[in-house]
Amino acid sequence: LSVQTSMQAFKTVIDEERAFAVDWPKQELPEALNSSLGSQLYVEADAPEIARLVEVWTNGNAKRVKPYYLAKHLASKVIEWYQPSEGPYLADRDSDIFKSTAGGAAMTAGYNVRGAVWAAREQRGSNLDMANLLCAVYRAAGIPARVVIGYDHEAQREDNRPPVIAWVEFFLMVDQ
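Below is a summary of the structure that appears in this document. Fair warning: this is a prediction, and the values are worked out from it, not measured in the lab.

## Regarding helix α6 (residues 127–140)
Compared with an ideal rise of 1.5 Å per residue, which puts 14 residues at 20 Å, α6 spans 20 Å between its outermost C-alpha atoms and is within 8% of the ideal. The buried fraction of α6 is high, at twelve of 14 residues. The complete set of buried residues in α6 reads Leu-128, Asp-129, Met-130, Ala-131, Asn-132, Leu-133, Leu-134, Cys-135, Ala-136, Val-137, Tyr-138 and Arg-139.

Okay, here's the thing in structure tokens:
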């Protein structure tokens, strides 16, 4: 079986000095970024649980600092709030968690994914949901973001599957 699909990938290098200088955009975001602000499956940016976290973590004023400062602050808050306690595959899950349907747990083709709201409520789970939570928090705060999931081909698990990793990319717009 051979599958071909188009995708857009970026090699990200952060120039922190320049990133810290970027202010909130004064113009509308490009159309292609609109999907990076709303809710989607597993990244429920408009959920009350997510809004509450952003409200508390920013004292109700997310845009009082520049976006890069905010992104770093929110990332640190998610790291404090959330405990990665499970692997990315369903087979890695604790049997009690696996059997539980509390919180509307949803699974995706063998991966341990429940979503940002579940992660916000439970404060623990897989690395995939930690990324979902961070992405949802960014979006709720007005920072366009997306979750990227990939394999770490340089590492190997005992079961010969490459480790699944997830990270969040966010966009800083420089007005022209």
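## Details of the packing of helix α2 (residues 48–57) against α6
Taken N-terminus to C-terminus, the directions of α2 and α6 make an angle of 70°; their axes are 9 Å apart at the nearest point. Between α2 and α6, the interaxial angle falls into the category roughly perpendicular. Relative to α6, α2 is oriented so that their crossing is right-handed. Here Ile-50, Leu-53, Val-54 and Trp-57 of α2 lie close against α6, whose contacting residues are Leu-133, Ala-136, Val-137 and Ala-140. Residue composition of the contact of α2 with α6, grouped by class: eight nonpolar, no polar and no charged.

## Describing the nonpolar core
Core analysis: the largest hydrophobic core is formed by 30 residues, its most contacted members being Ile-50, Val-78, Leu-133, Val-137 and Tyr-138. Counting residues per element, the ones that place at least two in this core are α2, α3 (67–81), α5 (116–122) and α6. Broken down by element, this core gets its largest block of residues, eight residues, from α6. Beyond its immediate stretch of four places on either side in the chain, Leu-133 contacts Ile-50, Leu-53, Val-78, Trp-81, Tyr-82, Ala-116, Ala-119 and Ala-120.

## Brief notes about the packing of aromatic side chains
Taken as a whole, this structure holds five aromatic pairs when the rule is applied. Ring centres 6.0 Å apart and planes at 75° place the aromatic pair Trp-57 and Trp-81 in the edge-to-face group. With Trp-57 in helix α2 and Trp-81 in helix α3, this residue pair connects regions lying 24 residues apart in the sequence. Measuring from ring centre to ring centre gives 6.1 Å for Tyr-68 and Phe-170, while their planes differ by 35°; the resulting arrangement is tilted. Taken together, the positions of Tyr-68 in helix α3 and Phe-170 in strand β4 (residues 164–170) put the pair 102 residues apart, joining distant regions of the chain. Among the residues examined, Tyr-68 registers a relative accessible area of 4% and is labelled buried. You can call Phe-170 partly exposed: its relative accessible area is 27%. The ring centre of Trp-24 lies 4.7 Å from the NZ or CZ of Lys-63, which sits over that ring. One cation-aromatic arrangement involves Arg-114 over Trp-118; the distance from NZ or CZ to the ring centre is 3.9 Å.

## Describing the pattern of salt bridges
This model, assessed by the stated rule, comprises five salt bridges. Between Lys-77 and Glu-80 there is a salt bridge, with the nearest N and O atoms lying 3.8 Å from each other. Note that Lys-77 and Glu-80 are positioned in helix α3 at a spacing of three residues, about one turn of the helix. Residue Glu-169 pairs with Arg-146 through a salt bridge whose shortest N-O separation is 2.8 Å. Note that Glu-169 is positioned in strand β4 and Arg-146 in strand β3 (residues 145–151), a separation of 23 residues in sequence. By relative accessible area, which is 27% here, Arg-146 ends up partly exposed.

## Topic: unusual backbone geometry
If a residue is not glycine, its phi is most likely negative; likewise, a peptide bond is most likely trans. One non-glycine residue with positive phi stands out, namely Tyr-42, at about 75°. Taking the relative accessible area as the measure of exposure, Tyr-42 reaches 13% and is therefore buried. Of note, the phi angle at Asn-59 is positive, near 55°, even though the residue is not glycine. Inspection of the secondary structure assignment puts Asn-59 in the loop between α2 and α3. What makes Asn-59 exposed here is its relative accessible area of 62%.

What counts, and at which threshold
Starting afresh in each chain, residues are numbered from 1 along the sequence in its written order. Restriction of local features to residues with pLDDT of at least 70 applies here, the model being predicted, together with a cutoff of 80 or more for giving and counting side-chain atom pairs; totals for whole chains, interfaces and linings are based on all residues. Based on all heavy atoms of the structure, the side-chain values leave hydrogens and waters out of the count. Each helix is a run of H or I in the DSSP string that is no shorter than four residues. Each strand is a run of E no shorter than two, and both are numbered from the N terminus. In this scheme, a helix's expected span is set at 1.5 Å multiplied by one less than its residue total. Only protein chains enter the accessibility calculation, which uses a 1.4 Å probe. A residue is then buried if its area is under 20% of the maximum for its type, exposed if over 50%, and partly exposed in between. Only the stretch in contact is used when a helix axis is fitted, and all axes are lines through C-alpha atoms; the angle between N-to-C directions ranges over 0 to 180 degrees. Should an angle lie under 35 degrees it is considered roughly parallel, over 145 roughly antiparallel, and from 65 to 115 roughly perpendicular; all remaining angles are considered oblique. Rotating anticlockwise by less than a right angle from the far helix to the near helix defines a left-handed crossing, while the corresponding clockwise rotation defines a right-handed one. Residues count as neighbours in contact if any of their non-hydrogen atoms are within 4.5 Å of one another. Each residue gets one label: Ala, Val, Leu, Ile, Met, Phe, Trp, Tyr, Cys and Pro are nonpolar, Asp, Glu, Lys and Arg are charged, and the others, such as Gly, are polar. Definition used in this section: a nonpolar core is a set of buried Ala, Val, Leu, Ile, Met, Phe, Trp, Tyr and Cys residues joined via side-chain atoms within 4.5 Å. Only Phe, Tyr and Trp rings are paired, with Trp represented by its six-membered ring, and only when their centres lie within 6.5 Å; those with planes under 30 degrees apart are stacked, over 60 edge-to-face, the remainder tilted. We call a charge positioned above a ring when the Lys NZ or Arg CZ atom is no farther than 6 Å from the ring centre and deviates by at most 35 degrees from the ring normal. Take a side-chain nitrogen of Lys or Arg and a carboxyl oxygen of Asp or Glu: if they are within 4 Å of each other, that pair is a salt bridge.

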